[in-house]
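Residue-level listing of the chains:
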Amino acid sequence: MQTRLNPLAALLALSAIPAPAADIPTLDSIVVTATRAVPDPLIGARLLRLDDAVIAARRATTSDSASLLRDIPGVSLYGAGGVSSLPAIHGLADDRLRIKVDGMDLIAACPNHMNSPLSYIDPSALSNVKVYAGVSPVSAGGDSIGGSIIVESAPAEFAGPGQGKLLKGEAGTFYRSNGDARGANLAFTLASESLSLSYTGAYAKAGNYSAGDDFKTYTFSGRAGHTLDRDEVGSTAYESINQALKLAWRNDDHQFDFKYGRQHIPDENYPNQRMDMTDNVSDQFNLAYTGKQNWGALKARAYYEHTEHEMDFGDDKRYWYGPGAPPAGSGGNTALDGTPCTPISGTVAGVGCAAGMPMYTDGKNTGLSLGADFRLAADDLLRVGAEYQAYRLDDWWTPSGAGMWPNTFWNINDGQRDRYAVFAEWEARLTPEWTSLFGLRHETVKMDAGKVHGYNLATPPTAGAGGPGNQTRDAVAFNNADRSKTDHNWDLTWLARYMPDATRTFELGLAQKTRSPNLYERYSWSTWQMAALMNNFVGDGNGYFGNPDLQPEKAYTVSTSLAWHAADRSWEFKAAPYYTHVEDYIDAIQWDATTNTPRAVPLSNQFSVLRYANASARLYGIDLSGKMPLGSTRAGDFGLMGLLNYTHGKNRDTGDYLYNIMPLTARLTLTHKLGAWRNSIEGEFVSSKNKVSEVRNEMETAGYGLIHLRARYEQKGYSVDFGIENLFDRMYDLPLGGAYVGQGTTMTNPPLPNYPQWGTPVPGPGRSIYAGLNVKF
């Protein structure tokens, strides 16, 4: 049954402040937090923040840091793994956004982008989030055409003057009933007035979650003896371990910070991908300097990240593949379950049995940045900077038998992507009412990749054809192509803020922004359906391969913000329309692997293979947000908050709609505050999604409405959170959740009955009761 969005309820949704806990009074503290020597730009058409109080009120509800952004106007989330969703701003997601974690530009080292940047920081470690939802300053942008997301862990803390030593810490735990999710976190700090040592650690684990009702008619998993209930969303389990050690030293106006972080995800499954993450280890080294000078401020950073990533079929997906009866085969693609068999040990491909499909990725990410602020006058600031990033990627699939034999398949060999950037921006207060910011940025992006070969050959071919799935033909074409690419990209932004009085604020932003393709968009090469299906970072169930001739995306954006508010911000209403035109938007076209040309008659209502291709695109929409007090009584203070987001995206060349555009969405929250209690009733309303991408055979979803209950009790030494999400256990599909391929035979697209065919979106979770406890010591 489709739920219609009530227009009146939508118009009442008027807020951007996501949690009532933001009004909790500041608690007494004897520690000194390092001040930021280099200030952020004062304006950016709609700079939105989440501080530690807001984040703390949401930590018990999720293990996915990106989901903490869900209440920010203009932000939506692509579904992925349990700790790895991908944020989108105004319909632009993933690499189209600039996402920085503690000053590092992290990159997903995976053909499915499983290890997304925000997955590398646990919600318990987050302290500050800044989102530029409209036009971002060039100092916070670069190599992106959408907004910017900047997240930071807690800054170093030092003992106060005369205090001697500081020793403090906190510990927390949580539980969520749906999926049996549980976890814990620990943090402590030991510091003097000039030296600070701190540790943070977090652990999270969950099983598959359940939808609000049955959403499928089958229970098979592709593995004999293992079935899933009809309301169980397969491949949504995960386990995550994050740890970080920080050392900081300061002397007067100078401070050095060093952070070593290590993440280990033993497993994280994906309901909208053919594969699952079977291991992910990332080591991060991050050194930063901030200092005040008599002319302004200086900052510098150097970081290195090494990620070792593994994928294969998780517990809910078929593991054994191969034609014929056991022990030589697994029963064939049409078998309900893959029967364990003996992997081929000879040299003949295409026969015998395959034991899974191991895939490995090794990514190395090195970055340097230097920036300075020069105070030109009392209210003028010149900000300049330079950045360098060197990224190296290898992506290879070792032989496992049957058609994946006898050699290693090189998906990307020695992928290289180097960025050289310089920028300058001038921030000025022109009059007491007018503030402006003008910025210019240039980036040189150099990309290359080595020669490749498929399972059928031991060395990269430069001549020949054929091979299973045309592996030889495709490898020859790729190896003989010009793979070395250099892009010269310009960004230009102009921002202005006008505040005629204490109750009105108006902003306008204009920008040209440019992004070069990522390594997978340019250098994945095989048209073979099985290989292409493994290259997909949008979760639509299709297969993709790259295009070395892609041009950089160039976006032209105008974004405005019109805000009316009380002088003390006790009530506020904001309207923020925007428009973006993108030249050479990287979309996709269906491909005929047999003729190696675009498909003459596109496939419909089924999965297909697509090639990345440039096109002209247009996106526009509006965000409404606000809050207002309802009154104060002996029972407490009551308030109303809400937001409404609308985005429209279209390919101007084909007339098709862009993929994964969030439909009209509204949130309305009734807040209650009494002493140490912060309570809320939230309504989440989403209209039907019927403007879908035909070339990708994107599935429509029905509208829905959900109710969430939340309560928080906070004292100086501890806090308790509890609540119920999806109170009425509603069944609904995630508009941006992608195609459900979370169980069964996922390596290929065989006929029924053994594979969850096209037409099933990933459903959202049913009712979940959660509780969290955090203790400070």
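A few points on the structure.

The rules we used
- Residues numbered from 1 in each chain as written.
- Predicted model: local features only at pLDDT ≥ 70, side-chain atom pairs only at ≥ 80, totals over all residues.
- Heavy atoms only, no water.
- Disulfide = S-S within 2.5 Å.
- Helix = DSSP H or I, 4+ residues; strand = E, 2+ residues; numbered from the N terminus.
- Phe/Tyr/Trp six-rings, centres within 6.5 Å; stacked < 30°, edge-to-face > 60°.
- Lys NZ or Arg CZ within 6 Å of the ring centre and 35° of its normal.
- Salt bridge = Lys/Arg side-chain N within 4 Å of Asp/Glu carboxyl O.
- Core = buried A, V, L, I, M, F, W, Y, C linked by side-chain atoms within 4.5 Å.
- Buried < 20%, exposed > 50% of the residue type's maximum accessible area, 1.4 Å probe, protein only.
- Contact = heavy atoms within 4.5 Å.
- Polar contact = N/O pair within 3.5 Å; in protein donor to acceptor, adjacent residues only side chain to side chain.

Considering all chains together, one arrives at one disulfide under this definition. A sulfur-sulfur distance of 1.8 Å marks the disulfide that ties Cys341 to Cys353. Its S-S torsion of about 55° marks the bond between Cys341 and Cys353 as right-handed, since a negative value means left-handed. One end of the pair, Cys341, is in the loop between strand S18 (320-321) and strand S19 (354-355); the other, Cys353, is in the loop between S18 and S19, and 12 residues separate them in sequence.

Moving on, we get to the packing of aromatic side chains. This structure, assessed with the given rule, holds 28 aromatic pairs. Taken together, a centroid distance of 5.2 Å and an interplanar angle of 85° make the contact between Phe215 and Tyr740 edge-to-face. Residue Phe215 is found in the loop between strand S13 (195-206) and strand S14 (238-251), and its partner Tyr740 is found in the loop between strand S35 (718-725) and strand S36 (768-776); the two are separated by 525 residues along the sequence. Three or more aromatic residues joined by ring pairs form one cluster here, namely Trp397, Phe409, Tyr455, Trp525 and Trp528. Sitting above the plane of the Phe607 ring, Arg274 keeps its charged end 5.1 Å from the centroid. If you follow Arg318 out to its NZ or CZ, it ends over the ring of Tyr321, 4.9 Å from the centre.

As enumerated under the stated definition, the model contains 41 salt bridges in all. Among the salt bridges present, the one from Asp487 reaches Arg522, with a minimum N-O distance of 3.1 Å. Residue Asp487 is located in strand S24 (residues 485-501), and its partner Arg522 is located in helix H4 (residues 519-523); the two are separated by 35 residues in the primary sequence. Its salt-bridge partner being Asp587, residue Arg696 comes within 2.9 Å of it at the nearest N-O pair.

This brings us to the nonpolar core. Formed by 55 residues in total, the largest nonpolar core has its most connected members in Met275, Met357, Trp397, Tyr455, Met530, Met534 and Met747. Those residues in contact with Met275 that lie beyond four places of it in its chain are Asn112, Met114, Tyr270, Met311, Asp312, Phe313, Lys317, Met357, Met359 and Met534. Counting 35 residues, the second-largest nonpolar core is a separate cluster that includes Leu92, Leu106, Ile121 and Val131.

Our next topic: the side chain of Asn411. The residue Asn411 is located in strand S22 (residues 409-429) in this model. Residue Asn411 is classed as buried on the basis of its relative accessible area of 2%. Within the structure, Asn411 has its side chain in polar contact with the side chain of Asn535 (distance 2.9 Å). When neighbours within four sequence positions are excluded, Asn411 is seen to be in contact with Pro111, Asp395, Trp396, Trp397, Val452, Tyr520, Tyr523, Ser524, Trp525 and Asn535.

Function cannot be read off these values alone, since they describe shape.
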